[in-house]
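# Observations on chain architecture
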Amino acid sequence: MAPRHDLEPSTPATVAADPGPRHAPAELLARLRARADTDPVTHVERVPARAGVPAPWPQWVPEELRAAFAGRGVTAPWRHQAEAAALAYDGQHVVVATGTASGKSLAYQMPALATLLADPRATVLYLAPTKALAADQLRAIAELELEGVRPACYDGDTPRAEREWIRRHSRFVLTNPDMLHHGILPGHGQWSGFLRRLTYVVIDECHTYRGVFGSHVAHVLRRLRRLSGTPGRGSAAGSRTSPVFVLASATSGDPATAAQRLTGLPVAAVTEDTSPRGGVTFALWEPPLLPSADTSSDAVDLAPVRRSALRETADLLADTVAAGVRSLAFVRSRRGAEVVAANTRRALDEAVPGLGDRVAAYRGGYLREERRELERALLHGDLLGLASTNALELGVDLVGLDAVLICGYPGTRASLWQQAGRAGRSGQEALAVLVARDDPLDTYLVHHPEAVFGRPVEATVLDPANPYVLAPQLACAAVEAPLTPADLALFGDGAKEAVDELVATGALRQRPTGWYWRHRERPQVDLRGEGGAPVAVVEAATGRLLGTVDGGSSHFLLHPGAVYLHQGVSYVVDDLDLADGCALVHVEEPDWSTHARDVTDVSVVSVRSYVDAGPVGMFLGEVDVTSQVVSYQRRRIATGEVIDTRPLDLPARELRTVAVWFTLSPESLAAAGVDPGDVPGGLHAAEHAAIGLLPLIATCDRWDIGGLSTALHPDTEAPTVFVYDGHPGGAGFAERAYGTAATWLRATRDAIAECGCETGCPSCVQSPKCGNGNNPLSKADAVRVLDVVLTNLPS
Ligand SMILES: [Zn+2]
Ligand SMILES: [Zn+2]
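A brief structural summary.

### Comments concerning the overall build of the protein chain
Of regular secondary structure, the protein chain possesses 27 helices and 27 strands. Residues counted as buried form 56% of the 795 residues belonging to the protein chain. Once local pairs closer than 6 in sequence are excluded, the contacts in the protein chain between residues at least 24 apart make up 73%. Of the accessible surface of the protein chain, which amounts to about 31,700 Å², a share of 52% is contributed by carbon and sulfur atoms.

Now the structure itself:
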């Protein structure tokens, strides 16, 4: 009998789900394509089905545990699960990096639970990036009903009354890095018994710990290692028996190195996915150009515009739902998810009144109960379509869908495959569609399928040596226990410099026994916090909390006058109180949308590295970026027409970060045929496209980076294009861009030159987040600018 796997995480749904009518993906795709005048499909890739490779249970898995797994439908592990489990049981740190729903949980459940059953004192700590995922895992472990394990979630939602019981009695504690950082490590005295007996640390969905957040988590784990395990007898205070780290990752490039950076330990990798998979038909879809609007104003030179990916996705979702196919649409922004759900509902209700009720929006900022209810409804078939942000990527169990629509390239091939992996039940074929947005990267990808299907997924980038992360983390560590020289080795490169700096600023004091924290209050460190704490969205009339928006986006989304959507209901912001972290809104549905504008300034602080290529210079260094949301436009929803621009009074925000920039001599530009008057437009257009294409090589998101171009910068004294990390201290993206500058700028140049438009469009040089309203822009001069750079730059 073939093994059946329901453990990733538990799937109560498959029991009760109404699978709906079956549609072969090819038929369904033909049906979707038939609607358009011109064929929007640029490529169809068949991802074949794969048979599973089972393995015997490892000898050390006790009968009690095998029986418990069998009770949940697992009769034998897949080979990759058995391999990873065996390494972990042997005491090796291991990362298992395989596809969505490949049963990664069993790989850590086997060694962790076998150890808890064999040693009644042992404990296990499980970390998930979200509370929802930890709750799912808790359910899966609890359902095994193992004697004496007493699994429990310990997070912000855990009632005070239960916390002490958990600290004393639970042997399998499930939490998240934030709770570890804010609650468990600072209160380690109360956890000393648990930490001393810690045998395994499970880090689930570890690929989510990337960029600045990942760098913070890397140090939280070092703080955990410092306080857990049994102190080595007679040896240096720093040496302890370390718990074994078992990490689970989505498919990613070089997971061993990323896991090593995250934990600071040598980690073995298991990467061959031996679970069975249904075949997927994967289509690349480019929305058609809109018929050009009648240009009543002759002064406006309108670029050709494609149908928006949001509208296209809403129509596709309406079509699949109308066909009775259980579908999930991934939309990159919260607002986008709301818009897709609202448009889909409207389209369905026009066709069949009431059918719209079977579609909803889902995103991270919703309250827990709301999310749970939506998951349940989709799994049970009450809902047929869900428009979601990537919140669902985080392992909450919605797999086995018949169609997955991806609205806009999610930024990395790793995320793309993770989203597409939600499609397909074992033994059944499914459809995945990537709907291109009107931007340079998406357009490039749907016309270069080899860049989507022919390349390995990216590596997860994090940089624990970022001084903006290291110093505050060392401060947190010093509060927990004075830092010793042995600890500095644990925290890695730059730790000594960071400690010296903390001493110099008076935060730490050096004594013979180590470095001590000098203040009464703990340092305030937010792991996810490039933009500060989340802002609560509150309905003024009722006091009801609608959801939250991360601090970084709040100036853009919640400024006074902003139109804010929640579950398809439109609200207008009355007031944004930055001190209290709260925005007051009221229900109102105006016929315009709002678009915030910002102004940005960059100044060079230091140059780390540069290439002198004659008339061209390429630089990597630190910069100060000042930006301020200064106004917003109101645009008619129906036509996109700008109604007016209104000023805003929000504080400027400062960012010290890492940038890559290039300079060109005015003579080289003139020789390439760029008129002096067109230099700003050429640089600006090149900057936009370069930002758009950076995710192709640097595993970031377009929204993680910013840029600035100018015909004469005071610091470089030359025409200059800057591209910077949008995170304090940098996140490794600009550094990557500098390291692969020739490849990056070649793809940028080709994307612009190959675009079919005449004078520039959102598919090449226009940017949705331009603070200058995409003005000036010169497509032809952007190609000339990049040609000058590429002919001079050594590859
Ligand atoms: Zn174009
Ligand atoms: Zn711009």
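### Remarks on the sheet that holds strand 8 (residues 268–270)
What the seven strands build is an open sheet, ordered 4-5-3-6-7-2-8; its pairing is parallel. At either margin of the open sheet sits one strand with a lone partner, and together these are strand 4 (151–153) and strand 8. Sheet twist, expressed as the average angle between the axes of neighbouring strands with direction ignored, equals 15°. Bridge count between strand 3 (residues 123–127) and strand 5 (residues 172–175): four bridges; the pairing is parallel. Within the sheet, the bridge partner assigned to L125 lies in strand 5 and is V173. Contacts between helix 6 (residues 131–142) and the sheet are confined to strand 3, strand 4 and strand 5, with strand 4 contributing the most and set at about 165° to the helix. Strand contacts of helix 10 (residues 211–227): strand 3, strand 6 (198–203) and strand 7 (244–249), with the helix running at about 170° to strand 6, the strand carrying the most contacts.

### A word on helix 2 (residues 25–33)
Along helix 2, the positions that sit buried rather than exposed are P25, L28, L29 and L32. When helix 2 is viewed along its axis, its buried side chains cluster within an angular range of 100° and face the same direction. Across helix 2 from its buried face, at more than 90 degrees, point the exposed residues A26 and E27. In the core, the buried residues of helix 2 are packed alongside strand 1 (41–47), strand 9 (280–285), helix 12 (309–322), strand 13 (403–407) and strand 14 (430–435).

### A look at the pairing of strand 7
Remark: a regular strand shows side chains that alternate across the two faces of the sheet. Counting buried residues in strand 7 gives six out of six residues, a clear majority hidden from the surface. Burial of strand 7 is two-sided: the residues V244, V246 and A248 facing one way and the residues F245, L247 and S249 facing the other way are all buried. Judged from the four bridges that link them, strand 2 (residues 94–97) and strand 7 form a sheet pairing that is parallel. Bridging across to strand 7, V94 finds its partner in V246. With four bridges joining them, strand 6 and strand 7 adopt parallel strand pairing. Along strand 7, the bridge assignment pairs V201 with F245.

### Some points on unusual backbone geometry
Even without glycine at this site, E205 takes up a positive phi of about 50°. For E205, the position within the fold is in the loop between strand 6 and helix 10. The buried category is assigned to E205, whose relative accessible area is 5%. One non-glycine residue with positive phi stands out, namely E717, at about 55°. With respect to the helices and strands, E717 occurs in the loop between strand 26 (705–710) and strand 27 (720–725). Among the residues examined, E717 registers a relative accessible area of 65% and is labelled exposed.

### Things to note about the packing of aromatic side chains
Inspection of the entire model under this criterion finds 12 aromatic pairs. Seen from their ring centres, F282 and F453 are 5.3 Å apart, and the 80° between their planes marks the pair as edge-to-face. One end of the pair, F282, is in strand 9; the other, F453, is in helix 17 (residues 449–453), with 171 residues separating them in the sequence. The residues F282 and F453 share a single accessibility class, namely buried. Here Y610 and F619 contribute two aromatic rings whose centre-to-centre distance is 5.8 Å and whose plane-to-plane angle is 20°, an arrangement assigned as stacked. Judged by relative accessible area, which is 19%, F619 ranks as buried.

### Some words on the sheet that holds strand 21 (residues 582–587)
Read from one edge of the open sheet, five strands run 18-17-21-20-19, paired in mixed fashion. The two strands at the open ends of the sheet, each matched to only one other strand, are strand 18 (545–549) and strand 19 (563–566). In this sheet, neighbouring strand axes are inclined to one another by 35° on average, regardless of whether the strands run parallel or antiparallel. One ladder, built from four bridges, connects strand 19 with strand 20 (residues 569–577); its direction is antiparallel.

### Here we look at the packing of helix 3 (residues 63–71) against helix 5 (residues 104–118)
In helix packing, the relevant descriptors are the interaxial angle and the interaxial distance, both defined with respect to the helix axes. Where helix 3 contacts helix 5, the axes come no closer than 10 Å and their chain directions differ by 140°. Relative to helix 5, helix 3 is oriented oblique. In this structure, helix 3 crosses over helix 5, and the sense of that crossing is right-handed. The segment helix 3 lies against helix 5, with E64, L65 and F69 engaging L106, Q109, M110, L113, A114 and L117.

### Here's the deal with the pairing of strand 5
The two faces of strand 5 match: F172 and L174 on one face and V173 and T175 on the other face are all buried. For the crossover from strand 4 across helix 7 (residues 160–169) to strand 5, the handedness is right-handed.

### Some remarks on the nonpolar core
Among the nonpolar cores identified, the biggest contains 112 residues, and F282, M618, F662, W744 and L745 are the most heavily contacted of them. Counting 38 residues, the second-largest nonpolar core is a separate cluster that includes A128, I141, V244 and A248.

### Concerning the environment of G692
When you line up the elements, G692 lands in helix 23 (residues 679–693). Separated by 13 residues in sequence, G692 and I705 have C-alpha atoms that sit 9.5 Å apart.

### Let's talk about the side chain of H207
Its place among the elements puts H207 in the loop between strand 6 and helix 10. Looking at H207, its side chain comes within polar contact range of the side chain of Q418, at 3.3 Å.

### Some remarks on the environment of A76
In this fold, A76 is placed in the loop between helix 3 and helix 4 (79–89). Along the primary structure A76 and P56 are separated by 20 residues, whereas in three dimensions their C-alpha atoms are 6.1 Å apart.

### A few points about helix 13 (residues 334–351)
The terminal C-alpha atoms of helix 13 lie 26 Å apart, and with 18 residues this matches the ideal 26 Å at 1.5 Å per residue to within 8%. Taken residue by residue, helix 13 has G336, A337, E338, V340, A341, A342, N343, T344, R345 and L348 as its buried positions. Contacts from the buried residues of helix 13 go to helix 12, strand 10 (327–331), strand 11 (359–362), strand 12 (385–388) and strand 19.

### Topic: the pattern of salt bridges
The full count for this structure, using the stated rule, is 26 salt bridges. A salt bridge links K131 to D157; its shortest N-O distance comes to 3.3 Å. Placement of K131 in helix 6 and of D157 in the loop between strand 4 and helix 7 is noted, with a sequence separation of 26 residues between them. Residue classification places K131 among the partly exposed residues on the basis of a relative accessible area of 32%. With its nearest N and O atoms 3.4 Å apart, the salt bridge here joins R376 to D382.

### Looking at the packing of helix 5 against helix 6
For the pair helix 5 and helix 6, interaxial distance at closest approach is 12 Å and the crossing angle is 55°. Between helix 5 and helix 6, the crossing angle belongs to the class labelled oblique. Considering only the axes of helix 5 and helix 6, their crossing is right-handed. Note on element contacts: helix 6 touches helix 5 through Q137, A140 and I141, opposite S105, Y108, Q109 and L113. Partitioned by chemical class, the residues of the contact of helix 5 with helix 6 number four nonpolar, three polar and no charged.

About the cut-offs
- Residues numbered from 1 in each chain as written.
- Chains lettered and ligands numbered in written order.
- Predicted model: local features only at pLDDT ≥ 70, side-chain atom pairs only at ≥ 80, totals over all residues.
- Heavy atoms only, no water.
- Helix = DSSP H or I, 4+ residues; strand = E, 2+ residues; numbered from the N terminus.
- Buried < 20%, exposed > 50% of the residue type's maximum accessible area, 1.4 Å probe, protein only.
- Contact = heavy atoms within 4.5 Å.
- Areas by Shrake-Rupley, 256 points an atom, 1.4 Å probe, with all protein chains shown as cover.
- Pairing = 2+ DSSP bridges.
- Axes fitted to C-alpha atoms, helices over the stretch in contact; angles between N-to-C directions.
- Arc of directions from axis to C-beta.
- Phe/Tyr/Trp six-rings, centres within 6.5 Å; stacked < 30°, edge-to-face > 60°.
- Parallel < 35°, antiparallel > 145°, perpendicular 65-115°, else oblique.
- Left-handed = near helix turned anticlockwise from the far one by under 90°.
- Right-handed = clockwise from strand over helix to strand, strands pointing away.
- Core = buried A, V, L, I, M, F, W, Y, C linked by side-chain atoms within 4.5 Å.
- Polar contact = N/O pair within 3.5 Å; in protein donor to acceptor, adjacent residues only side chain to side chain.
- Expected span 1.5 Å × (residues − 1).
- Salt bridge = Lys/Arg side-chain N within 4 Å of Asp/Glu carboxyl O.
- Nonpolar A, V, L, I, M, F, W, Y, C, P; charged D, E, K, R; others polar.

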